[in-house]
Amino acid sequence: MDYRIDDETAALRSALLEFLRERMPDPGTEPAHAVRRTAWRELVGSEWLEHFATGTERNADPAARVAALHVAEAFGAAPVTGPVDGVAGYLLPLALATGWNAGLAGLRDGSLVTTLVPEIDTPGPDAVPRRRARRLAAVRDGHELRVSGVMSQVACAAGADAVVVAVEIDGRPGLAFVELGRAGVVVGEPSGVDLRRPVADVTLDGVAIDAASVHAPRDLLEHEDACAAGHSLFLDAEAVGGSAEVIARTVAYCTDRVQFGRPIGSFQAVRHRVADVTAKVEGARSLAYRVAWDLATAAPGAPADVVASRLWSSGAYLAAGEAAVQCHGGAGFTWEQGVHLFYRAALSGRGGAGLGAARIALAAHLGALADPTPPGPDAERAAEPVGAIDGAR
Amino acid sequence: MDLALSGEAAAYRDQLRSWVEEHLPAQWRDVPVGSGDDAEYVRMRREWGRMLHRGGWLAPHWPTIHGGRGLGVDAQLAFLDVLVAAGAPEQMNTNGMGIFAPALMAFGTEAQQDRYLGPMLAHDDIWCQGFSEPGAGSDLGGLATRAVPDGDRFVVSGQKVWTSYALFAQRCYLMVRVTGVANGVTMVVLHMDRPGVTVRPLRNITGSSEFCEVFLDDVTVDADDVVGGIGAGWRVATYALARERSTGLAQRALQLSRELELMNAQLHRDGHDDGVLVEAFVRSRVVDSTVRRVLATVADGDEPGMLAPVAKVLWSEGHQAQLTTLVEAAGPEVTGAGGGWSDWLRALLFSRAETIYGGTSEIQRNLIAKSLGMPSDRG
Ligand SMILES: Cc1cc2nc3c(=O)[nH]c(=O)nc-3n(C[C@H](O)[C@H](O)[C@H](O)COP(=O)(O)OP(=O)(O)OC[C@H]3O[C@@H](n4cnc5c(N)ncnc54)[C@H](O)[C@@H]3O)c2cc1C
C-alpha cells in the first residue's frame, strides 16, 4: 500500500487551507448569523465540500481515498462554522452513492442542510461493526406522509434550512429532505461545547412531506453504513488536522515565550509533552490513511479498524488540545488566544465517538477473531446487515 | 501486516513458507525471549540460523556476492512475515545482519566484506555490538574506550556494558576513540578470542544473562579491521542504526500483532471478557499502520525523519502496555505464572528493555521535539 501523499494532493490541501483561512469566519469570534450564512453559501459554491466524496465513490482508487482524507485534514486545521462533517463527510457521499438527485440539489443550492449521522449499532452474529440510523416513523396520510419524532443534538440545526431525516415507511427505510420552516417542526436552542457546531434538538410533530419525495433505494442501509464509516474517517482527518494545527501553534508559542531566561520550549517537560502528543497524532494519521485504503479495497478487518481509528484519533486530538492549553499557560486559558477552539472541538469529537458502543463493537470483533467458528443456526442471517428493517429486502 | 510484494518476493515468500513448515522443529516455535537456559537458547537460534542459511533463505535482499539473493527490501519483509507467523525464533545474528552488515557493505573494504559477511550469514561467527559503556549510554559521546595506534595495529583498553550475547560471540563491532587524533571516534572489528578480552555476564530483569560486561585490557585490533576509516565512527554508526529502524521495527511490530492474536485467543479460551484487549487492539493497529508508513517511506528512498522516533515510541510503549494489560486482565493467573502464562510474564518483564535499548523513549522524544523545531534543551 502507498501512504505517500503526492505533490498534487499536498497542493490541494494547501489551497483548501488558504481558502478556509481567508474566506471563512473564525468560529471563535462567534460570527453573526448572517455572516455564517454568507460564508456557508460561499463554501458550498466553492465545491470544496465535494472533494471528500470523490475519494469515497465505489471503485475509487484506494490512493484517491487516502488523498481525499489528507485534503480533509484542512477542515480540522482551519475550523469552520457549519455542518461540514455531516455534509462533506456523510450526506454528499450518500446522495452520490445512492443517486439521490433531489437531495444533491438541496445540498448544492447554498442551503444549510444538516442531519444526524448513523451511530455504531449493537454487534450482530458476524461481529462486523455496522452503523445504523435511528429512523423516525412516517405514516401515510393520503398522498402525504406524516413524520413525527425527535432528533436529538443535531449539529448546526438552529439556523439551518433543512434536515435530512432517516424515516421508515411501511417498514422500509428512506431519507426525507425536510425544510425546517414546515409546520410541525420545532428547533430547540443551540448549545454545546463545540463552537463550530452547536447542537439543537429537532422535534417533528406530524410534519407533512410528499410521499414521492422520499428517497428509498433498495440498498439504502448498506450505503448509510458505508458512508457513516467514511464520515468516521472524515472526523479522524479533522482530528489529525486540528491536532497538527494546535501542535504547530504550541511549538511557535513555546519558542517565543521566554521564562527563566530561556524559551519555555527548551524545557524538557514541555518538549516531551509536545513530542508525546505528536507521536499519538502521527499514529492517528497512519491508521486513518491505512483504513481509508483498506475500505477502498474492502479488506476484511476494515470495519473494525474504522472504529479503532475513531477511538485513537479522538483521544489523540483531545491529548493534543489539552497539551496546547497547558503549554500556553494562562494565555491558553483565554478566549482570545484561540487554542480553546480546538480543545472544544476535540472534546466534542471525543464525546461524539460513542466510546461505549465502540468498545462493545471491538470486543465483539476480538471475540470473533479468537473464535472464528461460524455462527450456528443464525449463520444465514450473518450476511444481512444487522438491524435491517423487516421487509426491507 | 499485509505487504504489497513484487512477484519475485511473493514467490520467495511462498517457497520459504513451505520450507519453514517442513523444517522448523515444533519445540522451537513460540519460544519466548529469555526463557530457559541461555546457552540452550543461543544454541537453538544459532542452529536455526545455520539451517536458514543452508536453505539459502537468509538476507534475500543482500547482493548475491555477499550470499543474498539480490531481491528488494520487500523480500526481507516477506522473510520476517513468514518467520513471525510461524512463531520461529530469530536467527542468532539478527543484530549483526541488521545493523552492522549494511554499514560494512556501505563503508567497509572489499576484503572486510569477504572476510566477515559470509561467516556471519553462515552463523560460524556470532556477532555482538560494543557501543555502550558505563559512562556512555544515551550519550554515546562519552565514549572512553581507547585505541592506541601501534604500527599496523591498535591496542584497545576500556569497558563495554549491556553487550548482548557477548559471552557467545566471536566478533564484536566496537566503537572506540583512537588517541592522538582529533575526533577519533572509530568503528572497528574486535575478535573476541584475543587475549585481554574478559566477558562477564549480567543477570537481567527476567533472570537470564544474555547481556554482559566486556572488559578490554590491551587487546589487539588489526589496522585493517577499521571500518570506514579512523574518525568515521559516528557516520558509520549512524548509518548502521538507521537501517535498523525500518526492518528491525517491522519485525517487532509484526510480533506485537501476532502476540495480540495469541493473547486474545488465550484470554477468550479462559473465559475472560473480550473487552479487556480493546485498548491494546486499537494500539496494535496504530503501531502496525505507523510502521507500514515508515516502511513505505523508506521503500520510496526517502528518510523517515520524525516518523522513525514516533514509530519507536508507539511500538515500544504500546508493546509494554499490551503485555501489562494481561496482568490487569488475568491477574494472579499471570503474576503467579501458572498455566500457560509464564512465557507471557517473561515477555512482559523483557519488554521493559524496549523503551531503553535502541535509544530510550526520552531520547526519542528529544528527537521528535527537535524535528518539530522546538528550541534546544541544552539552553
Ligand atoms: C536488553 C538490552 C540490550 C542491550 N544491548 C546492547 C548491545 O548489545 N550493545 C550495546 O552497545 N548496548 C546495548 N544496550 C544498551 C542501550 O543502548 C543503553 O542501555 C541505552 O542507550 C541507554 O543507556 P543507559 O542504559 O546508560 O541509560 P542512561 O543513558 O543513563 O539513561 C538513564 C535514564 O536517563 C534518561 N536520559 C538520559 N539522557 C537523557 C536526556 N538527554 N534527556 C532525557 N532523559 C535522558 C534515559 O532516558 C533513561 O531513562 C542494551 C540495553 C538493553 C536494555
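Residues numbered from 1 in each chain as written. Chains lettered and ligands numbered in written order. Predicted model: local features only at pLDDT ≥ 70, side-chain atom pairs only at ≥ 80, totals over all residues. Heavy atoms only, no water.

K.L.:
Would you mind going over the site of the ligand with me for this structure?
P.N.:
Lining the immediate surroundings of the ligand are 17 residues, of which Gln129, Ser138, Trp162, Thr360 and Glu362 of chain B lie closest. Per-site note: the chains with residues close to the ligand are chains A and B. Take Ser138 of chain B: an N or O atom from its side chain is 2.6 Å from an oxygen atom of the ligand. With respect to the ligand, the side chain of Asn366 of chain B contributes an N or O atom lying 3.3 Å from a nitrogen atom. Taking 970 Å² as the accessible area of the ligand by itself, protein coverage stands at 68%. At the level of elements, strand 3 (153-164) and helix 11 (361-372) of chain B are the ones that each hand at least two residues to the shell around the ligand. Along the lines of polarity and charge, the residues of the shell around the ligand split into seven nonpolar, nine polar and one charged. If you count residues domain by domain, the shell around the ligand takes at least three from each of domain 2 (127-231) and domain 3 (249-372) of chain B. (Near = heavy atom within 4 Å. Polar contact = N/O pair within 3.5 Å; in protein donor to acceptor, adjacent residues only side chain to side chain. Areas by Shrake-Rupley, 256 points an atom, 1.4 Å probe, with all protein chains shown as cover. Helix = DSSP H or I, 4+ residues; strand = E, 2+ residues; numbered from the N terminus. Nonpolar A, V, L, I, M, F, W, Y, C, P; charged D, E, K, R; others polar. Domains from an automatic or database assignment.)

K.L.:
Which parts of the structure should I look at to understand the packing of helix 8 (residues 268-296) of chain A against helix 8 (residues 307-330) of chain B?
P.N.:
Between two packed helices, the angle of one axis relative to the other and the distance separating the axes together describe the packing. In the contact formed by helix 8 of chain A and helix 8 of chain B, the axes pass within 9 Å of each other and the chain directions differ by 95°. By the angle class used here, helix 8 of chain A and helix 8 of chain B are roughly perpendicular. Together, Ala279, Glu282 and Gly283 of chain A of helix 8 of chain A and Leu307, Val310, Val313 and Leu314 of chain B of helix 8 of chain B make up the contact between the two elements. Tallied by class, the residues present in the contact of helix 8 of chain A with helix 8 of chain B amount to five nonpolar, one polar and one charged. (Axes fitted to C-alpha atoms, helices over the stretch in contact; angles between N-to-C directions. Parallel < 35°, antiparallel > 145°, perpendicular 65-115°, else oblique. Contact = heavy atoms within 4.5 Å.)

K.L.:
Just to check I follow, could you spell out the interface of chain B and chain A for this structure?
P.N.:
How big an interface is tends to be stated in terms of accessible area lost as the parts join. If you look at the interface, chain B gives 42 residues, while chain A gives 39 residues. When the two sides are added together, the surface that chain B and chain A hide from each other amounts to roughly 3,600 Å², 63% of it contributed by carbon and sulfur. Across the chain B-chain A interface, the total number found is 15 residue pairs in polar contact (both at pLDDT 80 or more). Put simply, the parts of the chain that give the side of chain B that touches chain A at least two residues each are helix 6 (233-269), helix 7 (278-299), helix 8 and helix 11 of chain B. When residues of the side of chain B that touches chain A are assigned to their parent elements, the largest contribution, 14 residues, is made by helix 7 of chain B. For the side of chain B that touches chain A, the class distribution of residues is 18 nonpolar, 10 polar and 14 charged. (Buried area = accessible area lost by both parts, 1.4 Å probe.)

K.L.:
I tried to follow the confidence of the model for chain A on my own but got confused; where do I start?
P.N.:
Across chain A, the average pLDDT comes to 92, with 94% of residues at or above 70. Counting interchain partners and residues more than four positions distant, the pLDDT-below-50 stretch residues 377-393 of chain A has 31 contacts. (pLDDT = per-residue confidence, 0-100.)

K.L.:
Looking at this structure, I do not really get the environment of Trp62 of chain B. What am I missing?
P.N.:
You can see Trp62 of chain B is positioned in the loop between helix 2 (38-55) and helix 3 (73-85). Between the C-alpha atom of Trp62 of chain B and that of Val276 of chain B, which follows or precedes it by 214 residues, the distance is 42 Å.

K.L.:
When you look at the state of the cysteines in this model, what are you seeing that I'm missing?
P.N.:
A covalent bond bridging the sulfur atoms of two cysteines is what the word disulfide describes. All chains considered together, the criterion is met by zero disulfides over all chains. Note on Cys227 of chain A: no disulfide assigned, nearest cysteine sulfur contributed by Cys156 of chain A at a separation of 20 Å. By relative accessible area, Cys227 of chain A is classed as buried at 9%. Unpaired in terms of disulfides, Cys172 of chain B finds its nearest cysteine sulfur in Cys128 of chain B, a separation of 3.7 Å. (Disulfide = S-S within 2.5 Å. Buried < 20%, exposed > 50% of the residue type's maximum accessible area, 1.4 Å probe, protein only.)

K.L.:
Sorry, what's going on with the pairing of strand 9 (residues 199-210) of chain A here?
P.N.:
Successive side chains on a regular strand alternate, one facing one side of the sheet and the next facing the other. All names here are of chain A. Of the pairings in the sheet, the one linking strand 5 (residues 144-155) to strand 9 comprises nine bridges and is antiparallel in character. If you follow Leu145 over to strand 9, its bridge partner there is Ile209. The pairing of strand 8 (residues 185-187) with strand 9 spans three bridges and is classified as antiparallel. By the bridge assignment, Val185 is partnered in strand 9 with Leu204. (Pairing = 2+ DSSP bridges.)

K.L.:
In this structure, what is going on with the pairing of strand 4 (residues 136-141) of chain A? I would like to understand it.
P.N.:
In this structure, strand 4 of chain A lies alongside strand 6 (residues 162-169) of chain A, joined through three bridges in parallel fashion. Across the sheet, the residue bridging to Ala137 of chain A is Glu168 of chain A, located in strand 6 of chain A.

K.L.:
Please clarify how the packing of aromatic side chains should be interpreted in this entry.
P.N.:
Note on aromatic pairs: each is described by the distance of the centres and the angle between the planes. Scanning the entire structure with this criterion turns up 14 aromatic pairs over all chains. Look at Phe52 of chain A and Phe234 of chain A: their rings are 5.0 Å apart centre to centre, the planes differ by 80°, and that puts the pair in the edge-to-face class. Separated by 182 residues along the polypeptide, Phe52 of chain A in helix 3 (residues 51-56) and Phe234 of chain A in helix 7 (residues 220-256) bring together distant segments of the chain. Like Phe234 of chain A, Phe52 of chain A is buried. Pairing Phe100 of chain B with Tyr173 of chain B gives two aromatic rings, centres 4.9 Å apart and planes at 15°, and the pair type is stacked. Here the residue Phe100 of chain B occupies a position in helix 4 (residues 94-107), and Tyr173 of chain B occupies one in strand 4 (residues 171-178), the gap between them amounting to 73 residues. Exposure remark for Phe100 of chain B: the relative accessible area of 0% places this residue in the buried category. You can call Tyr173 of chain B buried: its relative accessible area is 0%. Taken together, the ring pairs in this structure connect Tyr12, Trp19, Trp28, Trp48 and Trp57 of chain B into an aromatic cluster. (Phe/Tyr/Trp six-rings, centres within 6.5 Å; stacked < 30°, edge-to-face > 60°.)

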